[in-house]
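Inside the fold
Here is how the chains run, residue by residue.
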Amino acid sequence: MSIPVVTVGQSREDLVGGLERLHGPVTVVRRCSELAELLAACQSGLARAAVVAEGSDELTASLVDRLAAVGVVIVALTDSASETARLTAIGVTAAPAGVDSAALAGRISGAVDQWSRPKPLQTGDGGFADTGAALRTQLGAEDDVPAEPSGAGQLIAVWGPAGSPGRTLVAANMAGELAAAGNSVFLIDADSYGASVAGLLGLLDEAAGLAQACRLADLGQLDAGALQKVATPVALKSGTLRVLTGITRADRWTELRASALGAVFEKAREIADYVVVDTGFCLEADEELSFDTMAPRRNAATLRSLELADTVYAIGSADSIGVPRLVRGLSELEVAVPQAAPRVILNKVRASAAGRSPERQLRDAWERYGPAAPIAAFLPSDSAASDSALLSGCLLLEAAPHSGLRLAIADLVCAPAQRNRRSSVLSSTAKRRLKG
Ligand SMILES: Nc1ncnc2c1ncn2[C@@H]1O[C@H](COP(=O)(O)OP(=O)(O)O)[C@@H](O)[C@H]1O
Ligand SMILES: [Mg+2]
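The sections below set out a description of the structure shown in this document. (Residues numbered from 1 in each chain as written. Chains lettered and ligands numbered in written order. Predicted model: local features only at pLDDT ≥ 70, side-chain atom pairs only at ≥ 80, totals over all residues. Heavy atoms only, no water.)

1. Notes on the overall build of the chain
Along the chain, the regular secondary structure elements total 20 helices and 13 strands. In the chain, which comprises 436 residues, the proportion classed as buried is 55%. Accessible surface, the chain as shown: approximately 18,800 Å² in total, 52% of it carbon and sulfur. (Helix = DSSP H or I, 4+ residues; strand = E, 2+ residues; numbered from the N terminus. Buried < 20%, exposed > 50% of the residue type's maximum accessible area, 1.4 Å probe, protein only. Areas by Shrake-Rupley, 256 points an atom, 1.4 Å probe, with all protein chains shown as cover.)

2. Notes on the layout of surface pockets
Here the second largest pocket is characterised by a volume of approximately 370 Å³. Lining the second largest pocket are 18 residues; nearest its centre among them are Ser-164, Gly-166, Leu-169, Asn-347 and Lys-348. Mapped by element, the contributors of at least two residues to the lining of the second largest pocket are helix 7 (167–180), strand 12 (343–349) and helix 16 (383–392). (1 Å grid on protein atoms, 1.4 Å probe; cavity = no way out; pocket = protein on both sides within 12 Å on 5 of 7 lines; lining within 4 Å. Points joined across faces, edges and corners; volume = space filled by probe spheres on them.)

3. Some thoughts on the sheet that holds strand 2 (residues 26–32)
Either a parallel or an antiparallel arrangement is found when strands of a sheet pair, and the pairing is made through backbone hydrogen bonds. Taken in spatial order, the 5 strands of this open sheet run 2-1-3-4-5, and their pairing is parallel. If you trace the sheet from one side to the other, it starts and ends with strand 2 and strand 5 (93–95), each paired once. The average angle at which neighbouring strand axes cross in this sheet is 25°, direction not considered. Relative to strand 4 (residues 73–77), strand 3 (residues 49–52) runs parallel, the two being bridged by 4 bridges. Along strand 4, the bridge assignment pairs Ala-50 with Ile-74. Across the sheet, helix 5 (residues 101–116) is in contact with strand 1 (3–8), strand 2, strand 3, strand 4 and strand 5; its angle to strand 4 comes to roughly 150°. (Pairing = 2+ DSSP bridges. Axes fitted to C-alpha atoms, helices over the stretch in contact; angles between N-to-C directions. Contact = heavy atoms within 4.5 Å.)

4. Here's the deal with the nonpolar core
Counting 56 residues, the largest nonpolar core has Phe-186, Ile-188, Leu-210, Leu-227, Leu-244, Val-264 and Leu-333 as its most contacted members. In this view, Leu-333 contacts Trp-159, Leu-283, Leu-306, Val-312, Pro-338, Ala-340 and Pro-342; residues no more than four positions away in its chain are not counted. (Core = buried A, V, L, I, M, F, W, Y, C linked by side-chain atoms within 4.5 Å.)

5. With respect to the sheet that holds strand 12
Read from one edge of the open sheet, 8 strands run 8-9-7-10-6-11-12-13, paired in mixed fashion. Looking at strand neighbours, the two that pair on one side only are strand 8 (232–235) and strand 13 (375–380), the edges of this open sheet. Between one strand axis and the next, the sheet turns through 25° on average, direction left out of account. In this structure, strand 7 (residues 185–190) lies alongside strand 10 (residues 274–279), joined through 6 bridges in parallel fashion. Each residue of the ladder has a partner; that of Phe-186, found in strand 10, is Val-275. Along the sheet, helix 7 contacts strand 6 (154–159), strand 7, strand 9 (240–244), strand 10, strand 11 (311–317), strand 12 and strand 13; its crossing angle with strand 10, the most-contacted strand, is approximately 170°. Contacts from helix 15 (residues 358–369) reach strand 12 and strand 13 within the one sheet, and its direction differs from that of strand 13 by about 145°.

6. Comments concerning the side chain of Ser-101
Locating Ser-101 in the fold gives a position in helix 5. Ser-101 sits in the buried class, given a relative accessible area of 16%. Contacts of Ser-101, omitting those with residues within four sequence positions, involve Leu-15, Gly-18, Leu-19 and Leu-22.

7. A few points about empty space enclosed by the protein
Applying the stated criterion to the full structure yields 1 cavity of 30 Å³ or more. As a volume, the largest cavity reaches approximately 40 Å³. Around the largest cavity sit Leu-169, Asn-173, Leu-200, Ser-386, Ala-389, Leu-390, Cys-394, Leu-395 and Leu-396, which together line it. Tallying contributions element by element places helix 16 first for the lining of the largest cavity, with 3 residues. Among the residues forming the lining of the largest cavity, the class breakdown is 7 nonpolar, 2 polar and no charged. (Nonpolar A, V, L, I, M, F, W, Y, C, P; charged D, E, K, R; others polar.)

8. Some words on the packing of aromatic side chains
Under the defined criterion, the tally for this structure stands at 1 aromatic pair. Positioned above the aromatic ring of Phe-186 is the side chain of Arg-242, whose terminal nitrogen or guanidinium carbon lies 4.7 Å from the ring centre. (Phe/Tyr/Trp six-rings, centres within 6.5 Å; stacked < 30°, edge-to-face > 60°. Lys NZ or Arg CZ within 6 Å of the ring centre and 35° of its normal.)

9. Structural notes on the packing of helix 11 (residues 258–271) against helix 12 (residues 300–308)
Angle between the axes and distance between the axes: these two values describe a pair of packed helices. Two numbers describe how helix 11 lies on helix 12: the axes approach to 9 Å, and their chain directions differ by 45°. As the angle between them shows, helix 11 and helix 12 are arranged oblique. Crossing handedness for the pair helix 11 and helix 12: right-handed. Facing helix 11, whose interface residues are Ala-258, Leu-261, Gly-262, Phe-265 and Arg-269, helix 12 presents Ala-300, Ala-301, Arg-304, Ser-305 and Leu-308. Across the contact of helix 11 with helix 12, the residue classes tally to 6 nonpolar, 2 polar and 2 charged. (Parallel < 35°, antiparallel > 145°, perpendicular 65-115°, else oblique. Left-handed = near helix turned anticlockwise from the far one by under 90°.)

Take a look at the structure:
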């Protein structure tokens, strides 16, 4: 069956006429005057392929995803090597501007063929459409573009339900402990409701590093150097944490699209040992409410982090409001991201809210509620330590290095041997504070 094709832009040769005259594997069903018209034609189910003869620089990963979601592949014409690389990175098949009609028809059929083949399941594929990622993998294979090595970096997502159970405090301090133990670490603020990593670390940051990284990924321009540039370095006495700060206003959440985020996480894993992501609380898959399944999703940042994470920590407040919330949240998480296998952490553990022998009381209560995941760890409530860290814009390892809270977080991510090494990683400020 002939492949229906829509086109936009004038090519150097009369390619469209050429394709029509081929009476071959493709049929031009519409010539569009701009990309918006082409998108609408594709979304109405008119075509299987789109040829962008001019203006390929307007193609972004999000647009490619929207077309991929309705089963349309894109072939774009360009003579620039850098534009060809960029297009390939965002999942577009590139062809030279002077390509003849028969060769172009071949490219189109090849791309459609490749798209139709069964796709290998991606690691962490939780069923949320990130069609662009699948397309990239396949086109990379077909066009013989050397695949970039997939880094071995571990992705850790720190999630918890509404009510500020301590996601940010735990995520930032885990990242700090890992960095102080000699690992290279990215800390990413992916909370699209209440970004707060910059505030916690005392960064005067209006840069929204994560949004910048997503923009570059969308344009196919996110390489290791670019990612380093948009990250804010935070020097610890031993080690450096690289931070992608969150969106500066909650209404900027549309800048964090699932496909771009996936690319940012992937790139961060390539260059770091650990990528720690502070997520939002909400797990609603709002695309189910929307006709346009590739419209940006309010909770994309949280869901994508949880889908791709190697380890998910679920943090709850250890009190009569926080525990039931966490129990409900865990069943929502089970539905939203079945592969997450969260490690449950009860934070702010204190006798004043949980009764005498709080850990035993909490374990008993947990068994009565009956969620499948056991409690993996308890973190003590320690307002003196957490307030002192907030006040100085430091992590606990600097502001309260001997506090039980700091040591309990360190125990979550570092082996005891590394923890001993860390006793000498206090900054001079922290040492002064200790002496004083
Ligand atoms: N174990 C703890 N003991 C005392 N205070 C804590 C503890 N964990 C978090 N906090 C405090 O609770 C508040 C909310 O923490 P935060 O990490 O911002 O929560 P979330 O990211 O879940 O909204 C902050 O003021 C933080 O300092
Ligand atoms: Mg937070």
